[in-house]
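One-letter residues, chain by chain:
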Amino acid sequence: MKRRDFLKASISGAATLCSGGALARPNLEPAPNAVGMLYDSTLCVGCKACVSKCKEVNGMPAVIEGDWYSWDSARDLSSDTLNVIKVYREGEAEVKDRVENGFAFEKRSCMHCVDPGCISVCPVTALRKDAINGIVTYHADACIGCRTCMTGCPYNVPQFDYDNPFGEIHKCQMCNQAGVERINKGQITGCAEACPTGATLFGTREALLQEARRRMSLKPGEIYSYPRGDVSKPHSLYEKPAPEYQQHIWGEKEAGGTNVLHISAIPFDKLGMPPLRERSYASISETVQHTIYNYMALPAVVLGGLTYVVRRNINDDEGDKS
Amino acid sequence: MSEHRALNRRVVTLPFMLLGVLFLIALYYLGVRFVNGMGFVTNLNGGYAWGLWVVYDIVIGTALACGGYALAVVVYVANKGKYHPLMRPALLASLLGYGLGGLGAFIDMGRYWQFYNILLPWHMNFNAVMLEVGLCVAAYILVLLIEFAPVALEKFGNTNLRQKLNKVLFFFIALGVLLPTMHQSSLGSMLIAMGHKVHPLWQTLYLQPLLAVLTAFTMGFAVVVFEASLSSVGFGRPSETPLLSGLGKAIVGLIAVYLLFRFGEVVVQGKLGLLFAGDLGSLMFLLESALFIYPMVVLMSPGARSNSRLLLWSAVSMLFAGSLYRLNAFLLTYNPGPGYSYFPSVPEIMVTLGLVALEVMVFLYVVKRFPVLHGEKRA
Amino acid sequence: MAENDFDFSGLEKRLGVSRRTFLKFCTGVAASLGLSSNAAMAMAKAVADPKRRPPVIWLHGQECTGPTEALLRCEQPTLEHLLLDLISLDYHQTLDTGAGHQVEEIKKRSMQENKGKYLLVIEGAIPVKDNGIYCKIAGETMLHLTHEAAEHAAAIVAYGSCASWGGVQAAAPNPTGAKGAPQVLEGKTVVTIPGCPPNPANFIGTVLYFVTYGKLPPIDELGRPKWAYGRLIHENCYRRPHFDAGRFATEFGDKGHREGWCLYKMGCKGPETYNNCPSLEFNNLGGGVWPVGVGHPCFGCSEGGVGFNKPMFALADVKTHTPPNMFPPIEDRQQSSGVTAGAAALVGVAVGAALGASAMVTKKLGEQEKQQD
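Assigned secondary structure in chain A consists of 8 helices and 12 strands. A burial count over chain A gives 59% of its 322 residues as buried. In chain A, the proportion of contacts linking residues at least 24 apart, taken out of those at least 6 apart, comes to 58%.

Following this line, the structure appears as structure tokens:
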């Protein structure tokens, strides 16, 4: 009986699907010359120079809320804010970089994932990753505004301009978007350049990882020197006693890793980082999709079977039907 | 010639006009949405990029429109010709449901004037589940139109074209089974990439497509039962209960398979503890499961299956179950991170209600003017 | 006793200030100290009473005499009169008219006569290396003179950064082993009025407090009066809004500098220096007369371990006690929406309508079935 065959085919299809099988797509690898940033929460003093510089580079207006007209009161990422400094505050909030009765700063901006969820889910390739420097850019001319990128981003970075009838997605493009292209011109990102303390450091992912590992290995209290702005410029060295770092470089492995790395003295979940595993959800999603739709083979086979069955059944009915 | 007949009753009745008012209200808010922007109408925000419009109009709406799909599988694949009389109204409901989904997608699309980019091969991202959903839903709407075309051709008496169409219709019927399988499963797959934001009880990763398609099936059957009961009462037509009770059997099996996978996943992944966490997630999971289990238990007994009221309540329960499953996964227990919240705004809800009202109005009009409902009393 | 009962006429003659000006001054000082207007009256009375003038022994060590010079330039009406009449300045190497053995004699006599009653002011660092031979006055080392004078002092005030923690003399490599008075006089309470030069207002306020109440004002663990050194310069700086908004001058004369933006990036040590410069300004002059006010980054002159230790343009450690309120917490989101009553009601109506319709249909189905039966 043909129905049996059909069911058999469906089951075998489902089996391939469940096993993941040979089509499993692993996490993507970092771009060969991936550039990124290292944000060291312990060095950040919350001055918002990066926020203000970011607005300047991107030509975005300050977010004004209530009566605070004298400064940008952006509360979170939005279509007018691609980078924002947030604060973790507990109890009396007396001591910096302490969990209890302490506080800490955290930078929120695009993490420039190695295996970006936003790119994986965008139906029209409006988000693209540069093959060489790994920067995730947005292209409004392709975008249909479905906002799947927002749902696919583990960090809620892409922001749609809801208040504009012709809005678009806004996200940090590492100052390398068309018309700015600071990285292509050999400059560094605006926020890293503006950061007075070296809390936001620009460089290649490789060099930044090395720098982050060096800081992990410091004994708390020991005087260490650190660069400001560009990690590859050793002349910009500053000194400070080392804080007690969490032995965790956020972005080394999370969901396939990110080009923007974070280090901190308090656990990252307190700083609002999501619970991520090493395997990126993008890779799982694509594994499932490509297993089902590999060369459209499975759908084609199913369609063939269905056509045969339906045709036969209709012909069966011809006798007693008009 | 055909056993289907138009009802030939007055179209503009009081309920019809009330629905019209709802639709006009929706039109007003849609005007605001297109002139000022979505932010003036919706409560969407940085964490909740998808709200009522996507989750109801598209995700739930198309699942509710799976009647045509479920019935097509029964009639044409499983070769149960006796269900054929239910086919046309189911197809109409599917067409309208999917039409609503397409319209909803367009309304919700932030850059709708570029929607055609999804059709341009050089823009397509073949890794994206959304691409598959978009293309597949668009294709299915076309297929539904073709499948429903005989009705219009019959009305306008174009027999020549109708005969030609009938010769190739089998292919479109096959497509009409394949396409919903593809995109209904993909609507589930969309949850995979949302990762941790989807509550662990709903984030089943590799099982997402299977669970989505199974629940779409149950909703499809449920909607056929619901619709048949409603039209039999609403239009004072003979009861379809004998026919529907047969579907009840299939429903029991389907739900059993679904629950097996659903609970199997929870047990295998060690998420049982979450069931009893006492939070929103666990409550919703239990409610949702109860809504699935109720029709299964009721419809197990042949007596209940031939009771039109129990049959209807089972269908309603299943519709709520399937809808809640989607609502939970995409919205209610969806958690983009601390501090985000979403509840649809009044205008947002009014737009959705207005679109549903439009759907019902068109359904009423078509069944009254086109040969959709079958004429004779079933043997 | 009400204000009117007190006779200020003697004071007016003695100090050459009007009663009105004098009360204004006392109220101002009391306000800076964070005291009430009652305290201002008490202060006025104490100052006006010639019998309560405490004798003062004023020592100079390694220094530039900046603190004294600053004090002399107090622009408060005839403040120098006030000061010289309010205290009985028995020994001060810069201001004494006498010289040589004569003044040394006076000092010894005063210290003996006023045992346990005199106020000792130390200005300048005290070298301790090689038994303190690097600073000698009248054949004695400063180290010895300090210990000698401190022994029977009623209170000790270290005036200026040098006296407070060694100042510029104590900067590396510190060849003379210069130390501040609190380090030399271990075990004794030394009030420190650091600053280079120190703000005379902080000195006068402290001394007036002493004269009024016979005790020293509350001090922190470094001996600084809390009323003057209780807050970071950063906390009260009027350029602070620019810091919070991320607007920084990056070099002298640039746009930000001309517009009066925050000087943090140019090495301003305000965020780690405790002083009241932003609220009092230097010497109560007004008109923005203090480093940050005139566009120069604070260099931390009054903070041990910062002034003369950290490079001028090196970044300060921001000792923020609590993050400012306008910083968004992690869970703060732009435009997140809650449930409105109207929306909730609508959803309820919609779901209710679906259920109600189902119930209606069920009822009718039942009726139909009955008819069929």
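This next bit is on the state of the cysteines. Residues and elements named next belong to chain C. What the rule picks out here adds up to 0 disulfides over all chains. Among the cysteines around cysteine 135, which has no disulfide bond, cysteine 162 carries the closest sulfur, lying 11 Å off. On the accessibility criterion, cysteine 135 (12% relative accessible area) is buried. Cysteine 262 forms no disulfide, and the closest cysteine sulfur to it belongs to cysteine 268, at a distance of 6.4 Å. Given the relative accessible area of 7%, cysteine 262 is considered buried.

Here we take up the interface of chain B and chain A. Contacts between chain B and chain A engage 64 residues on the former and 65 residues on the latter. When the two sides are added together, the surface that chain B and chain A hide from each other amounts to roughly 5,700 Å², 61% of it contributed by carbon and sulfur. Counting the surface chain B buries against chain A, the share from its top three residues, Arg111, Phe170 and Tyr206 of chain B, is 13%. Here chain B and chain A share 2 salt bridges between them. In this structure, the salt-bridge partner of glutamate 168 of chain A is arginine 111 of chain B, at a minimum N-O distance of 3.9 Å. The element that contributes the greatest number of residues to the side of chain B that touches chain A is helix H6 (residues 159-193) of chain B, accounting for 13 residues.

For the rest of this paragraph, the subject is helix H7 (residues 281-293) of chain A. All names here are of chain A. Helix length check: H7 (13 residues) gives 18 Å between terminal C-alpha atoms against 18 Å at 1.5 Å per residue, within 8%. The element H7 is extensively covered by neighbouring structure, given that 12 of its 13 residues are classed as buried. Every buried residue belonging to H7 is among Tyr281, Ala282, Ser283, Ile284, Ser285, Glu286, Thr287, Val288, Gln289, Thr291, Ile292 and Tyr293, and all of these are buried. A positive phi of about 55° marks tyrosine 295, the residue just after H7.

Summed over the entire model, instances satisfying the criterion amount to 30 salt bridges over all chains. A salt bridge links arginine 333 of chain C to aspartate 76 of chain A; the nearest nitrogen and oxygen atoms lie 3.3 Å apart. You can see arginine 333 of chain C sitting in the loop between helix H15 (277-280) and helix H16 (341-372) and its partner aspartate 76 of chain A sitting in the loop between helix H2 (49-58) and strand E2 (84-89), one on each of two chains. Of the two residues examined, arginine 333 of chain C and aspartate 76 of chain A, each falls in the buried class. As a salt-bridge pair, arginine 98 of chain A and glutamate 94 of chain A come within 3.8 Å of each other at their nearest N and O atoms. Take glutamate 94 of chain A: its relative accessible area is 46%, and that puts it in the partly exposed class.

Let's shift gears to the nonpolar core. Within the largest apolar cluster, 237 residues are counted, with the highest numbers of intra-cluster contacts made by Tyr155 of chain A together with Leu71, Leu86 and Leu247 of chain B. Discounting residues that sit within four places of it in the chain, leucine 247 of chain B has contacts with Leu71, Tyr83, Leu86, Phe221, Val224 and Val225 of chain B.

Our next topic: the domain arrangement of chain C. Residue and element names in this part refer to chain C. Assigned domains of chain C: these are domain 1 (3-229) and domain 2 (231-322). Tallying the contact residues gives 24 residues for domain 1 and 16 residues for domain 2. Of the roughly 1,600 Å² buried between domain 1 and domain 2, counting both surfaces, carbon and sulfur atoms make up 56%. When the buried surface of domain 1 facing domain 2 is broken down by residue, Trp165, Asn199 and Tyr229 rank first, second and third, together holding 31% of it. In this structure, the connection of domain 1 to domain 2 is made through 1 salt bridge. Applying the counting criterion to the domain 1 and domain 2 interface returns 7 residue pairs in polar contact (both at pLDDT 80 or more). For the side of domain 1 that touches domain 2, the secondary-structure elements that each account for two or more residues are helix H8 (161-165), helix H10 (200-213) and helix H11 (226-229). For the side of domain 1 that touches domain 2, a count of residues per class yields 14 nonpolar, 7 polar and 3 charged.

Below, the discussion takes up the side chain of serine 94 of chain B. All names here are of chain B. Here serine 94 shows up in helix H4 (residues 84-108). Looking at serine 94, its side chain comes within polar contact range of the main-chain oxygen of alanine 65, at 2.7 Å. For serine 94, the contacting residues outside a window of four places in its chain are Ala65, Cys66, Gly67, Gly68, Tyr69 and Leu144.

Right, let's talk about the interface of chain B and chain C for a bit. The interface is formed by 32 residues belonging to chain B together with 28 residues belonging to chain C. Summed over both partners, the interface of chain B with chain C comes to about 2,400 Å²; 67% of that surface belongs to carbon and sulfur atoms. For chain B, the biggest contributors to the area lost against chain C are Val233, Trp313 and Phe343 of chain B; these three give 24% of the whole. Our count for the chain B to chain C interface comes out at 0 salt bridges. Contributions of two or more residues to the side of chain B that touches chain C are made by helix H7 (208-234), helix H12 (308-332) and helix H13 (346-369) of chain B.

With that out of the way, let us pick up the packing of aromatic side chains. A complete count under the given rule lists 37 aromatic pairs over all chains for this structure. Ring centres of tyrosine 69 of chain B and phenylalanine 217 of chain B lie 4.9 Å apart, and the angle between their planes is 35°; this geometry places the pair in the tilted category. Here tyrosine 69 of chain B, found in helix H3 (residues 67-77), pairs with phenylalanine 217 of chain B, found in helix H7; they are 148 residues apart in sequence, far enough to count as distant. Pair check on accessibility: tyrosine 69 of chain B and phenylalanine 217 of chain B agree, each one buried. Relative to tyrosine 140 of chain B, the ring of tyrosine 98 of chain B has its centre 4.7 Å away and its plane inclined at 80°; by these criteria the two rings are edge-to-face. Of this pair, tyrosine 98 of chain B sits in helix H4 while tyrosine 140 of chain B sits in helix H5 (residues 129-156), and the two are 42 residues apart along the sequence. Here tyrosine 98 of chain B falls in the buried class, since its relative accessible area comes to 0%. Taken together through their ring pairs, the aromatic side chains of Phe166 of chain A together with Phe34, Phe106, Tyr112, Trp113, Phe115 and Tyr116 of chain B make up a single cluster.

Residues and elements named next belong to chain A. Mapped onto the elements, arginine 182 comes out in the loop between strand E8 (169-170) and helix H5 (190-194). Overall, arginine 182 belongs to the buried group, its relative accessible area being 9%. Filtering out sequence-adjacent residues up to four positions away, arginine 182 remains in contact with Lys53, Val57, Cys175, Asn176, Gln187, Ile188, Thr189, Gly190 and Glu193.

In this section: the sheet that holds strand E9 (residues 200-204) of chain A. Residues and elements named next belong to chain A. In space, the 3 strands of this open sheet follow the order E9-E1-E12, with mixed pairing throughout. This sheet does not close on itself; its edge strands, each paired only once, are E9 and strand E12 (260-263). Recorded for the sheet is a direction-independent mean angle of 20° between the axes of neighbouring strands. Pairing analysis gives 5 bridges linking strand E1 (residues 35-40) to E9, with the strands arranged antiparallel. Among the inter-strand pairings, methionine 37 is bridged to a residue of E9, identified as phenylalanine 202.

All names here are of chain C. With parallel pairing, the 5 strands of this open sheet are ordered in space as E2-E1-E3-E7-E9. Looking at which strands have only one partner, the edges of the open sheet turn out to be strand E2 (88-92) and strand E9 (190-193). This sheet shows a mean twist of 20° between the axes of neighbouring strands, independent of strand direction.

On the surface, Val12, Leu14, Met17 and Leu18 of chain B cluster together to form a nonpolar patch covering roughly 400 Å² of accessible area. Along the polypeptide, leucine 18 of chain B turns up in helix H1 (residues 14-36).

The rules behind these values
Residues numbered from 1 in each chain as written. Chains lettered and ligands numbered in written order. Predicted model: local features only at pLDDT ≥ 70, side-chain atom pairs only at ≥ 80, totals over all residues. Heavy atoms only, no water. Helix = DSSP H or I, 4+ residues; strand = E, 2+ residues; numbered from the N terminus. Buried < 20%, exposed > 50% of the residue type's maximum accessible area, 1.4 Å probe, protein only. Contact = heavy atoms within 4.5 Å. Disulfide = S-S within 2.5 Å. Buried area = accessible area lost by both parts, 1.4 Å probe. Salt bridge = Lys/Arg side-chain N within 4 Å of Asp/Glu carboxyl O. Expected span 1.5 Å × (residues − 1). Core = buried A, V, L, I, M, F, W, Y, C linked by side-chain atoms within 4.5 Å. Domains from an automatic or database assignment. Polar contact = N/O pair within 3.5 Å; in protein donor to acceptor, adjacent residues only side chain to side chain. Nonpolar A, V, L, I, M, F, W, Y, C, P; charged D, E, K, R; others polar. Phe/Tyr/Trp six-rings, centres within 6.5 Å; stacked < 30°, edge-to-face > 60°. Pairing = 2+ DSSP bridges. Axes fitted to C-alpha atoms, helices over the stretch in contact; angles between N-to-C directions. Patch = residues over 30% accessible without salt bridge, like charges linked within 9 Å, V, L, I, M, F, W, Y side chains within 5 Å. Areas by Shrake-Rupley, 256 points an atom, 1.4 Å probe, with all protein chains shown as cover.

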